[in-house]
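Take a look at the letters that make up each chain.
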Amino acid sequence: MTGQVRTVDGRVAGRRGQATRQKLLDCLSEMLGSSPYRDVKVIDVARKAGTSPATFYQYFPDVEGAVLEIAEEMAKEGAGLTELVSGRSWAGRAAKQSAEELVDGFLDFWRRNDAILRVVDLGAAEGDKRFYKIRMKVLSSVTSSLTDAVKELQSKGRVDKDVNPAAMAGALVTMLASVASHQKGFQTWGVKQAEIRPNLALLVHLGITGKKPAK
C-alpha cells in the first residue's frame, strides 16, 4: 500500500500500523483462494495474521470492506493491461505478436488475481455497484485501446466500415475475461492450458483485423 493510510476513525496509521493493515489484507487474500468469500470471518483473518479482531476493526469496517480494498488495488494493476494494446501494431506479422501478447497478459493477470476476481465477478453479478465499477475499471482501459486500434485500421481501409469498433472491442474483451476466468474448466473438455493461448490469439486477431494471422 502506498500513500497515507488511515484507521476507520480517521487517524493516520504509523509504519507499524500500516504493516499490520497490509498483513491483514495479505492473509485475507490468501484465504479467499481456498475459502468461499462469505465463509471468511473477521476472527479467522485476525488469527491468521497473528492479531485480534479489535485490531482488524481499526482498519476495516468488516470483511467486505477489506475485500473491496484488495479489489481496488487489483483494479489499479489491471489498468496496466492497456499497455498490451496501446501503441502496438495490428498490421502484417506484427499483429500476430500483438494478439499473442494481449492474450498472454490477460491470462496471466487472471491467474495471479484469480481469487479476488472471482469475488468481484460474484458481487457484480449480484448487482453490487461497487464490485461492478471495479470490474469495469479493469476491462474498460483495454476496451478503449482496442476500440482505437479498430478505428485506426478502418481509417486506413483495412477493416470493413460496417464493423462497430466499440462493439467489437467490447465483445473481444468480454471473451478474454470469460475464458481467463474459466481456464481450469477447459480441462474437463479435454483442452490443455497450452492450447488455449493460440486459439484465443487467433480469435483476437480475426476480430481486430478481420483476417487470419500472416504466416
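It should be noted that the structure appears before, not after, this text.
Residues numbered from 1 in each chain as written. Predicted model: local features only at pLDDT ≥ 70, side-chain atom pairs only at ≥ 80, totals over all residues. Heavy atoms only, no water.

A. Just the overall build of the protein chain, in detail. Scanning the protein chain from terminus to terminus reveals nine helices and zero strands. Overall, the protein chain shows an N-to-C arrangement of helices and strands of α-α-α-α-α-α-α-α-α. Structurally, the protein chain occupies a C-alpha span of about 60 × 40 × 30 Å along its principal axes. Sorting the 215 residues of the protein chain into buried and exposed places 42% on the buried side. Long-range contacts, defined as pairs at least 24 residues apart, comprise 66% of the intrachain contacts of the protein chain with a sequence gap of at least 6. Accessible surface, the protein chain: about 11900 Å² in total, of which carbon and sulfur atoms supply 52%. (Helix = DSSP H or I, 4+ residues; strand = E, 2+ residues; numbered from the N terminus. Buried < 20%, exposed > 50% of the residue type's maximum accessible area, 1.4 Å probe, protein only. Contact = heavy atoms within 4.5 Å. Areas by Shrake-Rupley, 256 points an atom, 1.4 Å probe, with all protein chains shown as cover.)

B. Looking closely at the pattern of salt bridges. Evaluated as defined, the whole model comprises 16 salt bridges. Between Arg130 and Glu64 there is a salt bridge, with the nearest N and O atoms lying 2.7 Å from each other. Taken together, the residues span a long stretch of sequence, with Arg130 in helix α7 (residues 129-155) and Glu64 in helix α4 (residues 63-78) at a distance of 66 residues. One salt bridge connects Glu152 with Lys156, and the closest N-O pair in it is separated by 3.2 Å. Accessibility expressed as a relative area gives 44% for Glu152, which makes it partly exposed. (Salt bridge = Lys/Arg side-chain N within 4 Å of Asp/Glu carboxyl O.)

C. Spatial organisation of the packing of aromatic side chains. Applying the stated rule across the entire model yields five aromatic pairs. Centre to centre, the rings of Phe56 and Tyr57 are 5.8 Å apart; their planes meet at 85°, and the pair counts as edge-to-face. Given the relative accessible area of 41%, Tyr57 is considered partly exposed. Between Phe109 and Trp110, the ring centres sit 5.7 Å apart and the planes meet at 70°, which makes this aromatic pair edge-to-face. The exposure class assigned to Trp110 is buried, which follows from its relative accessible area of 2%. Among the aromatic residues, those joined into a cluster by ring pairs are Phe56, Tyr57 and Phe60. (Phe/Tyr/Trp six-rings, centres within 6.5 Å; stacked < 30°, edge-to-face > 60°.)

D. View of the packing of helix α6 (residues 114-125) against α7. At a closest axis distance of 7 Å, the pairing of α6 and α7 adopts a crossing angle of 125°. Between α6 and α7, the angle is such that the two are oblique. In this structure, α6 crosses over α7, and the sense of that crossing is left-handed. Between α6 and α7, the contacting residues are Val119, Val120, Asp121, Gly123 and Ala124 on the first element and Phe131, Tyr132, Ile134 and Arg135 on the second. Classifying every residue of the contact of α6 with α7 by side-chain character gives six nonpolar, one polar and two charged. (Axes fitted to C-alpha atoms, helices over the stretch in contact; angles between N-to-C directions. Parallel < 35°, antiparallel > 145°, perpendicular 65-115°, else oblique. Left-handed = near helix turned anticlockwise from the far one by under 90°. Nonpolar A, V, L, I, M, F, W, Y, C, P; charged D, E, K, R; others polar.)

E. Representation of the side chain of Thr143. Take Thr143: it is sitting in helix α7. Aside from chain neighbours lying at most four places away, what touches Thr143 is Ala169, Gly170 and Val173.

F. Examining a nonpolar patch on the surface more closely. Residues Leu202, Leu203 and Leu206 make up a contiguous nonpolar surface patch of about 220 Å² in total accessible area. Take Leu203: it is sitting in helix α9 (residues 193-209). Residue Leu203 is classed as partly exposed on the basis of its relative accessible area of 44%. (Patch = residues over 30% accessible without salt bridge, like charges linked within 9 Å, V, L, I, M, F, W, Y side chains within 5 Å.)

G. Highlighting the side chain of Ser98. With respect to the element layout, Ser98 can be found in helix α5 (residues 92-112). The buried category is assigned to Ser98, whose relative accessible area is 4%. Once residues lying within four places of it in the same chain are set aside, the contact partners of Ser98 are Leu84, Arg88, Ser89 and Trp90.

H. Structural view of α6. The terminal C-alpha atoms of α6, which comprises 12 residues, lie 16 Å apart, in line with the 16 Å expected from a rise of 1.5 Å per residue. Of the residues making up α6, those classed as buried are Ala115, Ile116, Leu117, Val119, Val120, Gly123 and Ala124. Buried positions along α6 lie against α1 (15-32), α4, α5 and α7. Looking one or two residues beyond α6, the residue adopting positive phi is Gly127, at roughly 90°. (Expected span 1.5 Å × (residues − 1).)

I. Structural view of the nonpolar core. In this structure, Trp90, Phe106 and Leu146 are the most contacted members of the largest nonpolar core, which totals 62 residues. Looking at this core, the element that brings in the most residues is α7, giving nine residues. Residues within four places of Trp90 in sequence aside, it is in contact with Val85, Ala95, Ser98, Ala99, Leu146, Ala149, Leu153, Val204, Ile208 and Thr209. (Core = buried A, V, L, I, M, F, W, Y, C linked by side-chain atoms within 4.5 Å.)

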